[in-house]
Amino acid sequence: LTLVCGWHKMATDVESLNALGVVTMEMIRTFVAIELSDAFKGTLVRVQEGLKRAPAGRLVRWVAPEGIHLTLKFLGDISPSRVDEIARALSETCRALSLFELTLSHTGFFPDAHRLRVVWVGLAGAVDELNRLQRAVEDGMNSLGFRPEGRGFQPHLTLGRVRDFARPAEREELAKRVLAAQVDEQPRMLVREVHLIRSDLRPTGAVYTSLAVAPLG
């Protein structure tokens, strides 16, 4: 999606606009998240590997370790010119909150066994502090014009997404495997900061870039 400066419409044909001498600005896809520790990622990969070995594992597009984030707020497509104001708002929000510690809990899925779409691992530890942080980020972004999420915040780490061709019976079999999976290791992670992250979708998968960091405390 491309923003045409000085025009009152959006355009996607960038080459045609450039040929006309029109200045264009590429939009960037962004979200606010907590980056995971290596210990967290290692444990999540081992949970994934256990689920992949089951026949139902073929039904899932598994998320690469570098693509697993604890998302606090999805912002969508923004103009690069807004990065600085978003970074300032995040810095102000996070400065007022304390560091806290999280650990991993159990496996689960959304929305239910018959329609299973997302496989995840939940969180434990200072979840109240995590919820407080998410609400503060939501409020800060709302002040900049980003609408609040319609659904409540459910802290989780996405391991994979079920492919469209999966039949209801296959989804139910996968659900059984997910509920039976064990998170054997319980690494602890101290949450020190929040990131504004850019996501670029490429044929080989998404590439993530941290645009700004907002320390807690």
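Quick caveat, the model's predicted, so the values are computed rather than measured.

A. Region of interest: the nonpolar core. Ranked by internal contacts, the top residues of the largest apolar core, which has 53 residues, are Ile34, Leu133, Leu157 and Leu159. The greatest single-element share of this core, amounting to five residues, is contributed by helix H3 (residues 83-95). When near neighbours in sequence (up to four residues on either side) are disregarded, Leu133 contacts Ile34, Leu72, Cys94, Leu97, Phe100, Val194 and Leu216.

B. Quick look at the pattern of salt bridges. Under the defined criterion, the tally for this structure stands at ten salt bridges. Across the pair Lys73 and Glu138 runs a salt bridge whose closest N-O atoms are separated by 2.6 Å. Of this pair, Lys73 sits in strand E6 (residues 70-78) while Glu138 sits in helix H4 (residues 127-142), and the two are 65 residues apart along the sequence. Judged on exposure class, the residue Lys73 and its partner Glu138 are both buried.

C. Representation of the pairing of strand E11 (residues 193-202) in the model. Here strand E4 (residues 28-34) pairs with E11 via five bridges, running antiparallel. Bridge pairing links Thr30 to Arg198 in E11. As paired elements, E11 and strand E12 (residues 205-215) share ten bridges and run antiparallel to each other. Bridge assignment links Ile197 to a residue of E12, and that residue is Ser210.

D. Helix H2 (residues 38-52), seen in detail. Relative to the 21 Å expected for 15 residues at 1.5 Å per residue, H2 spans 21 Å between its end C-alpha atoms, a close match to the ideal helical length. Looking at the buried residues of H2, the elements they touch are strand E5 (60-62), strand E7 (100-110), strand E8 (118-125), strand E9 (156-162), helix H5 (168-180) and strand E10 (188-191).

E. The sheet that holds E4, seen in detail. Judged by pairing direction, the sheet is antiparallel, and its four strands sit side by side in the order E6-E4-E11-E12 without closing on themselves. Both outer strands of the open sheet, E6 and E12, are each paired with one neighbouring strand and no more. Going from strand to strand, the sheet's axes swing by 25° on average, the running direction of each strand aside. Most of the contacts of H3 go to E12, to which it runs at about 55°, and overall it touches E4, E6, E11 and E12.

F. Up close: the packing of H3 against H4. Two elements in contact, H3 and H4, have axes whose closest approach is 9 Å; the angle formed by their N-to-C orientations is 145°. Helix-helix and strand crossings are classified by hand; for H3 and H4 the assignment is right-handed. Between H3 and H4, the contacting residues are Ile86, Ala89, Leu90, Thr93 and Cys94 on the first element and Leu133, Ala136, Val137, Gly140 and Met141 on the second. Residue composition of the contact of H3 with H4, by class: eight nonpolar, two polar and no charged.

G. Broad picture of the side chain of Glu138. Classification of Glu138 by relative accessible area gives buried; the value is 10%. Engagement of the side chain of Glu138 in a polar contact is seen with the backbone nitrogen of Glu149, the distance being 3.5 Å. Discounting residues that sit within four places of it in the chain, Glu138 has contacts with Lys73, Arg147, Pro148 and Glu149.

H. Local environment of the packing of aromatic side chains. Under the definition given, this model contains two aromatic pairs. Aromatic pair Phe31 and Tyr208: ring centres 6.0 Å apart, planes at 85°, arrangement edge-to-face. Highlighted residues: Phe31 in strand E4 and Tyr208 in strand E12, separated in sequence by 177 residues. For the pair Phe110 and Trp120, a centre-to-centre distance of 5.3 Å together with 40° between the ring planes defines the contact as tilted.

I. Region of the structure containing the sheet that holds E7. Strand order in the open sheet formed by five strands is E5-E9-E8-E7-E10, and the pairing between neighbours is antiparallel. Only two strands of the sheet have a single neighbouring strand rather than two, namely E5 and E10. Within the sheet, the average angular offset between the axes of one strand and its neighbour, ignoring direction, is 35°. Pairing analysis gives seven bridges linking E7 to E8, with the strands arranged antiparallel. Pairing of Leu102 across the sheet is with Gly125, part of E8. In this fold H5 packs onto E5, E7, E8 and E9, with an angle of close to 150° to the strand it touches most, E7.

Cut-offs applied
- As a convention, each chain's residues are numbered from 1 in the sequence order in which they are written.
- With the structure being a predicted model, the display of local features is reserved for residues of pLDDT at least 70 and the display and counting of side-chain atom pairs for 80 or more, all residues being used for whole-chain, interface and lining totals.
- Processing note: side-chain calculations cover all non-hydrogen atoms of the structure and skip hydrogens and water entirely.
- By nonpolar core is meant a set of buried Ala, Val, Leu, Ile, Met, Phe, Trp, Tyr and Cys residues that side-chain atoms within 4.5 Å join together.
- A 1.4 Å probe rolled over the protein chains alone gives each residue an accessible area, and that area as a share of the maximum for its type sets the label: buried under 20%, exposed over 50%, partly exposed in between.
- To qualify as a helix, a DSSP run of H or I must reach at least 4 residues; to qualify as a strand, a run of E must reach at least 2; elements of each kind are numbered from the N terminus.
- Any two residues whose heavy atoms approach within 4.5 Å are treated as being in contact.
- A side-chain nitrogen of Lys or Arg and a carboxyl oxygen of Asp or Glu constitute a salt bridge if their distance falls within 4 Å.
- Only strands that DSSP links by at least two bridges are regarded as paired with each other.
- To estimate the expected span of a helix, subtract one from its residue number and multiply by 1.5 Å.
- In this analysis an axis means a line fitted to C-alpha atoms, helices contributing only their contacting stretch, and an angle means the value between N-to-C directions, from 0 to 180 degrees.
- The sense of a crossing depends on the near helix, which, turned anticlockwise from the far helix by less than a right angle, makes the crossing left-handed and, turned clockwise, makes it right-handed.
- Under the scheme applied, nonpolar residues are Ala, Val, Leu, Ile, Met, Phe, Trp, Tyr, Cys and Pro; charged residues are Asp, Glu, Lys and Arg; polar residues are all the others, including Gly.
- Whenever a nitrogen or oxygen atom comes within 3.5 Å of another N or O atom, the pair is scored as a polar contact, on the condition that within protein one atom can donate a hydrogen and the other can accept it, and that pairs from neighbouring residues in sequence are kept only if both atoms are in side chains.
- Two aromatic rings, drawn from Phe, Tyr or Trp (for Trp, its six-membered ring), form a pair once their centres lie within 6.5 Å of each other, and the interplanar angle then sorts them: stacked below 30 degrees, edge-to-face above 60, tilted otherwise.

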